[in-house]
Amino acid sequence: MSDLYLIYKNLTRKPLRLFLTCFAIFIAFLIFGVVTTFKSALDSGIEMSADNRLVVFNRINFTVSLPESYFQKVAAVEGVRDVTHLNWFGGYYQEPAQQLSIMAVEPESYLRIYSEQLVPEEQREAWIRNRQGILVGEKLADMFGWKLGDRVPISSNIFSHKEGGQTWDFVVEGIFSASDEQAETRMAVFHYKYFQETTTFGGDNLGWLALTTEDPSLNEQVAKTIDEMFANSPYETDTSTEKAFNKAFIEQLGNIGLIIFGVVFMAFFTILVVVGNTMALAIRERTGEIAVLKTLGFSRQRVFGMVLSESLLVSLLGGAAGLAVAYFVLEAVKATLGQFLPNLVMDRGLVLQAIGYMLLLGLLTGLVPAVNALRLNIVTAFNRG
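Now for a look at the structure at hand. In this text, all values refer to a predicted model and were calculated from it rather than measured experimentally.

## A closer look at the pairing of strand E12 (residues 208-213)
Argument step 1. The element E12 is extensively covered by neighbouring structure, given that six of its six residues are classed as buried.
Argument step 2. Here E12 shows two buried faces, one formed by Trp 208, Ala 210 and Thr 212 and the other by Leu 209, Leu 211 and Thr 213.
Argument step 3. Of the pairings in the sheet, the one linking strand E1 (residues 53-58) to E12 comprises four bridges and is antiparallel in character. In the sheet register, Arg 53 faces E12, and the bridge partner there is Thr 212.
Argument step 4. Across six bridges, the pairing between strand E3 (residues 80-88) and E12 is antiparallel. Residue pairing across strands places Thr 84 opposite Ala 210, the latter belonging to E12.

## Comments concerning helix H8 (residues 219-229)
Argument step 1. Taken as a whole, H8 has its buried residues at Asn 219, Val 222, Ala 223 and Ile 226. Around the axis of H8, the buried residues are gathered within 100° of arc, so they sit on the same side. Residues Glu 220, Lys 224 and Glu 228 are exposed on H8 and point more than 90 degrees away from its buried face.
Argument step 2. Against the buried residues of H8 lie E1, helix H3 (70-75), E3, E12 and strand E13 (237-241).

## Side note on the nonpolar core
Argument step 1. By size, the foremost hydrophobic cluster in this structure holds 38 residues, and its most contacted members are Ile 134, Trp 146, Ile 154, Phe 190 and Leu 211.
Argument step 2. The next biggest cluster of nonpolar side chains, apart from the first, holds 31 residues, and it includes Leu 6, Cys 22, Ala 28 and Met 306.

## Considerations on the side chain of Thr 198
Argument step 1. Counting through the fold element by element, Thr 198 comes out in helix H7 (residues 192-198).
Argument step 2. The exposure class of Thr 198 is buried, given its relative accessible area of 11%.
Argument step 3. Separated by 2.6 Å, the side chain of Thr 198 and the backbone oxygen of Tyr 194 make a polar contact.
Argument step 4. Discounting chain neighbours no more than four positions away, the residues touching Thr 198 are Ser 160, His 161, Lys 162 and Trp 168.

## Considering the packing of aromatic side chains
Argument step 1. One pass over the full model with this rule turns up 20 aromatic pairs.
Argument step 2. With a centroid separation of 5.1 Å and 25° between ring planes, the pair formed by Phe 144 and Trp 146 is classed as stacked. By the burial criterion, Phe 144 is buried, and Trp 146 matches it.
Argument step 3. When the centroid spacing of 5.4 Å and the interplanar angle of 75° are considered together, the rings of Tyr 327 and Phe 328 count as edge-to-face.

## Considering the environment of Ile 158
Argument step 1. Take Ile 158: it is sitting in the loop between strand E8 (151-156) and strand E9 (167-178).
Argument step 2. A residue is classified by how much of its surface remains accessible, and Ile 158, at 38% relative accessible area, is partly exposed.
Argument step 3. Separated by 69 residues in the primary sequence, Ile 158 and Phe 89 have C-alpha atoms spaced 7.0 Å apart.
Argument step 4. When near neighbours in sequence (up to four residues on either side) are disregarded, Ile 158 contacts Trp 88, Phe 89, Gly 90, Gln 166 and Phe 201.

## Some details on the pairing of E1
Argument step 1. Burial runs high along E1: six of the six residues are buried.
Argument step 2. In this sheet, E13 lies alongside E1 in antiparallel orientation, the contact comprising five bridges. Opposite Asn 58, over in E13, you have Thr 237 as the bridge partner.

## Section: the pattern of salt bridges
Argument step 1. The final tally for this structure, using the stated rule, is six salt bridges.
Argument step 2. Arg 81 is the salt-bridge partner of Glu 214, the closest N and O atoms lying 3.7 Å from each other. On the criterion of sequence distance, the pair formed by Glu 214 in the loop between E12 and H8 and Arg 81 in strand E3 is long-range, its members being 133 residues apart.
Argument step 3. Overall, the relative accessible area of 43% leaves Glu 214 in the partly exposed class.

## Examining unusual backbone geometry
Argument step 1. Even without glycine at this site, Gln 94 takes up a positive phi of about 70°.
Argument step 2. Looking at where Gln 94 falls in the secondary structure, it is placed in the loop between strand E4 (91-92) and strand E5 (102-105).
Argument step 3. In this model, Asn 232 sits at a positive phi of 65°, which is unusual for a non-glycine residue.
Argument step 4. Assignment of secondary structure puts Asn 232 in the loop between H8 and E13.
Argument step 5. Look at Asn 232 and you get exposed, because its relative accessible area is 76%.

## Overview of the environment of Arg 53
Argument step 1. Tracing the backbone through its elements, the reader meets Arg 53 in strand E1.
Argument step 2. Residue Arg 53 is classed as buried on the basis of its relative accessible area of 3%.
Argument step 3. Sequence-distant contacts of Arg 53, that is, excluding residues within four places in its chain, are made with Ile 113, Tyr 114, Glu 116, Leu 211, Thr 212, Thr 241 and Glu 242.
Argument step 4. At 3.0 Å, the side chain of Arg 53 forms a polar contact with the backbone oxygen of Ile 113.
Argument step 5. Polar side-chain contacts of Arg 53 include one of 3.1 Å to the side chain of Glu 116.

Calculation rules
- Residues numbered from 1 in each chain as written.
- Predicted model: local features only at pLDDT ≥ 70, side-chain atom pairs only at ≥ 80, totals over all residues.
- Heavy atoms only, no water.
- Buried < 20%, exposed > 50% of the residue type's maximum accessible area, 1.4 Å probe, protein only.
- Helix = DSSP H or I, 4+ residues; strand = E, 2+ residues; numbered from the N terminus.
- Pairing = 2+ DSSP bridges.
- Arc of directions from axis to C-beta.
- Contact = heavy atoms within 4.5 Å.
- Core = buried A, V, L, I, M, F, W, Y, C linked by side-chain atoms within 4.5 Å.
- Polar contact = N/O pair within 3.5 Å; in protein donor to acceptor, adjacent residues only side chain to side chain.
- Phe/Tyr/Trp six-rings, centres within 6.5 Å; stacked < 30°, edge-to-face > 60°.
- Salt bridge = Lys/Arg side-chain N within 4 Å of Asp/Glu carboxyl O.

Rendered as structure tokens:
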């Protein structure tokens, strides 16, 4: 009689208990897989930010605009290599539910600042020449089936058009890819001049400025110089690295890291208590059987291994199922949130981390029952029975 067969029979002697235990672990790893992937997708924009790229925005809030004159003043600051400006458009395609990440920019300086966005030279020139042109990321183009030369109407939920309505007509003049596979390409940019000429308001202001410094070591000095330049003015600024800006933007949703830690910790702690108690109860019920096994010649180490294996198998079974369902949930969510969270992908590192937690959970919940079985005295066990 093999040890695996005995482990199987012990696990399945009470199918309902096995199911409920696995289901509890399933829920824990479903939560872990979804929320951890979600946090990784949010953090990816922070990690890929350039070291020498700074963002200048209104000190009140990044949603409050800056005067157009700030562009030239910032460009003249010592240590600034290049600078561009961006305006959030608040766009959507066809219906409000299909929100787009789209901005009005100064084309040439934008492409210099964000050099990781790769545009074929002929498309680059065509976009710069056509004020009504729009430069689209390849993932966004694939999402809606847009091709070069297509005319696409994009509406804004913020601005209105001088000719009436809230819809602008664009021509797809370029489709950009990225030097990094994880970089954002579910977005689009168009000419600030076109926006300025056609909007009923907001065309004389800049949303925020993005700049590169001559060297990352100059970041702090440049940021301080810019903020002191506009101190005590009606439009004071707050200049930070792009990484810090992206992190602050994400943290408007709350402290995501703390929330996720709290959710996962509480789920795992609850599961640890439930599974640990279940395993201890199961071993206590089998005290007489364990004594019989020892009487038949099963070594203490062999009994220890069998009991611990039960706990590990339950943990791996429930955890793997939870992680698998989390993967399909994330794939479904990508259909609606993919344009805002392009890196919503359960990667290999997360899977390996989850397997590590499954093994840890199995060891923690099975170790005490296994030690009790190891130390069980045969005579005492039979007397108890």
